[in-house]
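Architecture and fold: a report
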Amino acid sequence: MDIQVVERSESDAVIVLSGRLDLITAPRIKEQLVHATMSGRRCVVDMADVTFVDSSGLGALIAGLKAARVQGGDLRIARPADQMRVILELTTLDRVLRPYSTVEEAMADG
Amino acid sequence: MDESVTLVAKADELNAIHAALERFWLGLSGSVHAAPGRDWQLLFTMAVVEIAANIMRHAYPAEVGTFRLRLYSVVDAAHACFADTGIEFVEADTARQDTSDDDALAESGFGLSIARRCLDGLQYRRSADGINSWHLVKRFGDKGVGTRAS
């Protein structure tokens, strides 16, 4: 899995992931997400090129979300593929990791 | 269609699980039965990957071990059978996510719940000689998520 962090400002960052977010890659991604959400940033994870997410991958996103909120920031996901939408619905995590259609929409909301 | 692999129970082997599933889909598409659609494949893949990951993470806490995966189809369903000689599986009590409280959000322990929702049947057994077996079943023509598990 590839990860690219685009720091748009002191308060906003976009994290672009590509590949599988699973048991193999989740630990590294979790670490990157927790680091990116430091300083109370609003981070949007662009999931457009993520081909598969398993429960470990979801756990990494949740860890990032929890770390962000502790710092007074937030973590959102944008452009999830069909499989990610399904796994979010199966786990009801779409209530806390609400999928946005675009990065800009995720960044601007609230 | 029948596809079997024996793998070391470590995370890297998830790639081999996906490869085995791809071969299985190719075999199904050439069979006399109607090949399942993409949504069906996604659900079956998710279930197989969650059980595989569960074995990789928990079956051999103190050593390196192996497990076997067999994928096969019968007239009306696809089956996945896992077998390993690791420790007995004991399900943790974290199947459901409490989404009302951020601090209560679990970061792990809900993979089995995902697998159950994707399948028509999920069975775990441990034999007297210490072999763990997981049997996953998903019926063809089943378009939605399953609600049953055994």
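Residues numbered from 1 in each chain as written. Chains lettered and ligands numbered in written order. Predicted model: local features only at pLDDT ≥ 70, side-chain atom pairs only at ≥ 80, totals over all residues. Heavy atoms only, no water.

Considerations on the overall build of chain A
- A tally of regular secondary structure across chain A gives four helices and five strands.
- Its C-alpha radius of gyration of 12 Å places chain A within 12% of the 13 Å reference for a compact globule of 110 residues.
- Buried residues in chain A amount to 55% of all 110 residues.
- Across chain A, contacts joining residues at least 24 apart in sequence account for 69% of those joining residues at least 6 apart.
- When the accessible surface of chain A is summed, it comes to about 4,600 Å², and 44% of that surface belongs to carbon and sulfur atoms.
- For chain A, the distance from the average site of its 13 positive side-chain charges to the average site of its 16 negative ones is 4 Å. (Helix = DSSP H or I, 4+ residues; strand = E, 2+ residues; numbered from the N terminus. Rg over C-alpha atoms; globule rule 2.2 N^0.38 Å. Buried < 20%, exposed > 50% of the residue type's maximum accessible area, 1.4 Å probe, protein only. Contact = heavy atoms within 4.5 Å. Areas by Shrake-Rupley, 256 points an atom, 1.4 Å probe, with all protein chains shown as cover. Lys, Arg positive; Asp, Glu negative; His and termini not counted. Charge placed at Lys NZ, Arg CZ, Asp CG, Glu CD.)

Focus on the pairing of strand β5 (residues 132-139) of chain B
Residue and element names in this part refer to chain B.
- Looking at chain direction, strand β3 (residues 77-84) and β5 are connected through eight bridges and run antiparallel. What sits directly across from A77, in β5, is R139.
- Where strand β4 (residues 121-126) and β5 come together, six bridges link them in antiparallel fashion. If you follow R125 over to β5, its bridge partner there is S133. (Pairing = 2+ DSSP bridges.)

Let's talk about the nonpolar core
- Among the nonpolar cores identified, the biggest contains 70 residues, and M47 and L61 of chain A together with I17, F44, V48, F82 and L136 of chain B are the most heavily contacted of them.
- In terms of residue count, the dominant contributor to this core is helix α2 (residues 38-58) of chain B (twelve residues).
- Leave out the neighbours within four places in its chain, and I17 of chain B touches L7, V48, V49, A52, M56, F67 and L69 of chain B.
- In terms of nonpolar packing, the next biggest core, distinct from the first, is built from seven residues, A78, V103, A106 and M107 of chain A among them. (Core = buried A, V, L, I, M, F, W, Y, C linked by side-chain atoms within 4.5 Å.)

Notes on the sheet that holds strand β5 (residues 99-100) of chain A
All names here are of chain A.
- The strand order across the open sheet formed by five strands is β1-β2-β3-β4-β5, and the pairing between neighbours is mixed. The open sheet has two edge strands with one neighbour each: β1 (2-7) and β5.
- With two bridges connecting them, strand β4 (residues 74-78) and β5 associate as parallel partners. Residue pairing in the sheet places I77 in a bridge with P99 of β5.
- Against the sheet, helix α2 (residues 55-70) makes contact with β2 (12-21), β3 (42-53) and β4, and its axis sits at roughly 140° relative to β4, the strand it touches most. (Axes fitted to C-alpha atoms, helices over the stretch in contact; angles between N-to-C directions.)

Thoughts on the packing of aromatic side chains
Residues and elements named next belong to chain B.
- With the rule as written, the count across this model stands at ten aromatic pairs over all chains.
- Ring plane angle 50° and centroid distance 5.6 Å describe the contact between F24 and W25, whose orientation is recorded as tilted. Comparing F24 with W25 shows no difference in burial state: the two are buried.
- Geometrically, the ring pair formed by W25 and F44 is edge-to-face, given 5.9 Å between the ring centres and 70° between the ring planes. In this pair, W25 is assigned in helix α1 (residues 14-29) and F44 in helix α2, connecting sequence segments 19 residues apart. (Phe/Tyr/Trp six-rings, centres within 6.5 Å; stacked < 30°, edge-to-face > 60°.)

Details of the interface of chain B and chain A
- In this complex, chain B contributes 28 residues to the contact, which on the side of chain A involves 26 residues.
- Taking both sides of the interface into account, the surface hidden between chain B and chain A amounts to around 2,400 Å²; carbon and sulfur atoms contribute 66%.
- For the pair chain B and chain A, the interface holds three salt bridges.
- Across the pair K66 of chain A and E107 of chain B runs a salt bridge whose closest N-O atoms are separated by 3.4 Å. (Buried area = accessible area lost by both parts, 1.4 Å probe. Salt bridge = Lys/Arg side-chain N within 4 Å of Asp/Glu carboxyl O.)

Some points on the pairing of β2 of chain A
Residue and element names in this part refer to chain A.
- Looking at chain direction, β1 and β2 are connected through six bridges and run antiparallel. Among the inter-strand pairings, Q4 is bridged to a residue of β2, identified as V16.
- From the end of β1 to the start of β2, which pair antiparallel, there are four residues.
- Relative to β3, β2 runs parallel, the two being bridged by nine bridges. Looking at β3, one finds that A13 is bridged to C43.

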